[in-house]
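Now for the letters of each chain:
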Amino acid sequence: MYYRSEELIAFAAGVGRVLGMERKEAQDFSQSLVYADMRGLHSHGLMRMPTYVERIQRKLIRVGVVPEITKDGGALLAIDGQNGMGACAAQRAMELCVERAREKGVCVGAVRNCNHFGYSAYFTRYAAECHMIGFAVSNAFKSVAPFGGARPMLGTNPLSITIPVDGREPFVLDMATSLVAQGKIILARQKGRHIPMGWGLDSSGEPTTNPAAVLDGGSLTSFGGAKGYGIALMIELLCVCLANAAKSTEMGSMYDFTRTQDTGFVLGAIDISHIMEPQDFERSAAQLLTEIKASPKNCQVSEIYVPGELEARQFQEAQQIGVQLSEPVVQELTMLGKTLQLPFPAAKG
């Protein structure tokens, strides 16, 4: 079923307002969720809303709070997320980084005492819209085994970098350092589907196609073997040692409704104008990407894609025909709406 994006955003923002969010807080919350669905990353979209709502209602996430700069190093900011909504804190941190980068050329914000922030490209794209390079990393609750390990010690620890490009969509690298995002495993379990071999391990450290075995005592695997593990560990070091957040092995799970999370993330912006004209950089980026796409293809593909291109096409399609949501997600959101006396939008005819 397909839904109008503006109606989904209004519904999600309405939920946020009922729960006590300020207007901008509710908008950042709702737009980040729907943006993920529009780009086809449903594992980080509206399917997460019932979980966020329950955590707020149980006082595990605070609403109506403003992230606080606790140490100001000029181009490096230490930020306390006040245990607020991760998406809202991350957006505010990126706004601060963009503002400070205009003055300093670059700014990095290290955020602690926060929660799962959802789709990281939502924040890095904000920097690109300001003609800057944006980047973001986050740690997460333990779910990934170290390379050669049999027990989860790291989170999916996502990485996002967005680069503005002249005349086309920004270059958007957005990826979990696990072979797949945990949300895809959760989605497979909800739909009663098997997962491909290699996505995860069971509790004994053996590869499995059963999503429940991965989620209940098992672990995900890193992409690229030892290389992906190295990147995940680097992100863990930044979020734990620089942002001063909890380790993946010590933080709370998003689905543990008895404790807070204390997730950490590090975001930043690079103002290209401090070393060159942004237009020159963006034209150069466009030329390079054009050359990559025009390079010889192997016999198994019809087109060479660059990171973020498929998601950008899905976003454009969602703008034209609507946002596609699965029936289980619609049912959950409809029930949530009834509970909060907010009718869920009707599907497009």
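The structure contained in this document is the topic of the report that follows.

1. A word on the overall build of the chain
The secondary structure content of the chain amounts to 11 helices and 12 strands. In terms of C-alpha radius of gyration, the chain reaches 20 Å, essentially the compact-globule figure of 20 Å for 349 residues. Within the chain, buried positions represent 52% of all 349 residues. For the chain, the share of sequence-separated contacts (at least 6 apart) that also reach a separation of at least 24 residues comes to 67%. A distance of 4 Å separates the average location of the 33 positive side-chain charges in the chain from that of its 35 negative side-chain charges.

2. Observations concerning the packing of aromatic side chains
Within the structure shown, the criterion is met by nine aromatic pairs. Aromatic side chains Phe11 and Phe344 sit 5.0 Å apart centroid to centroid with 90 degrees between the ring planes, which places their arrangement in the edge-to-face category. Highlighted residues: Phe11 in helix H1 (residues 5-18) and Phe344 in the segment after helix H11 (327-340), separated in sequence by 333 residues. A relative accessible area of 5% places Phe11 in the buried class. By relative accessible area, which is 14% here, Phe344 ends up buried. When the centroid spacing of 5.2 Å and the interplanar angle of 40 degrees are considered together, the rings of Phe117 and Phe123 count as tilted. Residue Phe117 is classed as buried on the basis of its relative accessible area, which comes to 3%. Here the aromatic cluster, defined as three or more aromatic residues joined through ring pairs, consists of Tyr35, Phe117, Tyr119, Tyr122, Phe123, Phe265 and Phe315.

3. Regarding the side chain of Thr208
Turning to its location among the elements, Thr208 is positioned in strand S9 (residues 207-208). In terms of polar contacts, Thr208 uses its side chain to reach the backbone amide nitrogen of Asn210, at 3.0 Å. When neighbours within four sequence positions are excluded, Thr208 is seen to be in contact with Ile195, Pro196, Met197, Gly200, Leu201, Asp202, Ala213 and Val214.

4. Describing the pairing of strand S5 (residues 132-138)
Of all seven residues making up S5, six are buried, and the element is well covered by its neighbours. Across seven bridges, S5 lies against strand S11 (residues 263-271) in antiparallel orientation. By the bridge assignment, Gly134 is partnered in S11 with Ala269.

5. Here's the deal with the nonpolar core
Ranked by internal contacts, the top residues of the largest apolar core, which has 65 residues, are Leu46, Met49, Leu267, Leu325 and Leu333. In terms of residue count, the dominant contributor to this core is helix H4 (residues 86-104) (10 residues). Filtering out sequence-adjacent residues up to four positions away, Leu325 remains in contact with Met1, Tyr3, Leu8, Asp37, Leu46, Val330, Leu333 and Phe344. Counting nine residues, the second-largest nonpolar core is a separate cluster that includes Val144, Ile195, Val214 and Ala232.

6. With respect to the packing of H1 against helix H2 (residues 23-38)
In contact at an axis separation of 8 Å, H1 and H2 are set at 140 degrees when each is read in the N-to-C sense. When the interaxial angle is binned, H1 and H2 end up oblique. Helix-helix and strand crossings are classified by hand; for H1 and H2 the assignment is right-handed. Between H1 and H2, the contacting residues are Ser5, Leu8, Ile9, Ala12, Ala13, Gly16 and Arg17 on the first element and Arg23, Ala26, Gln27, Phe29, Ser30, Gln31, Val34 and Met38 on the second. When the residues that make up the contact of H1 with H2 are grouped by side-chain class, the tally is eight nonpolar, five polar and two charged.

7. Regarding the sheet that holds strand S8 (residues 200-201)
The strand order S9-S8-S10 describes an open sheet built from three strands, whose pairing is antiparallel. Each edge of the open sheet carries a strand with a single partner, namely S9 and strand S10 (219-220). In this structure, S8 lies alongside S9, joined through two bridges in antiparallel fashion. Note that in S9 the partner of Leu201 across the bridge is Pro207.

8. Some remarks on the sheet that holds strand S3 (residues 76-80)
With respect to topology, seven strands assemble into an open sheet ordered S2-S3-S4-S11-S5-S6-S7, the strand pairing being mixed. The sheet terminates laterally at strand S2 (68-72) and strand S7 (171-175), the two strands that pair on one side only. Recorded for the sheet is a direction-independent mean angle of 15 degrees between the axes of neighbouring strands. Sitting on the sheet, helix H5 (residues 121-129) is in contact with S5, strand S6 (159-163), S7 and S11, with an inclination near 160 degrees to S5.

Conventions we followed
- Residues numbered from 1 in each chain as written.
- Predicted model: local features only at pLDDT ≥ 70, side-chain atom pairs only at ≥ 80, totals over all residues.
- Heavy atoms only, no water.
- Helix = DSSP H or I, 4+ residues; strand = E, 2+ residues; numbered from the N terminus.
- Rg over C-alpha atoms; globule rule 2.2 N^0.38 Å.
- Buried < 20%, exposed > 50% of the residue type's maximum accessible area, 1.4 Å probe, protein only.
- Contact = heavy atoms within 4.5 Å.
- Lys, Arg positive; Asp, Glu negative; His and termini not counted.
- Charge placed at Lys NZ, Arg CZ, Asp CG, Glu CD.
- Phe/Tyr/Trp six-rings, centres within 6.5 Å; stacked < 30°, edge-to-face > 60°.
- Polar contact = N/O pair within 3.5 Å; in protein donor to acceptor, adjacent residues only side chain to side chain.
- Pairing = 2+ DSSP bridges.
- Core = buried A, V, L, I, M, F, W, Y, C linked by side-chain atoms within 4.5 Å.
- Axes fitted to C-alpha atoms, helices over the stretch in contact; angles between N-to-C directions.
- Parallel < 35°, antiparallel > 145°, perpendicular 65-115°, else oblique.
- Left-handed = near helix turned anticlockwise from the far one by under 90°.
- Nonpolar A, V, L, I, M, F, W, Y, C, P; charged D, E, K, R; others polar.

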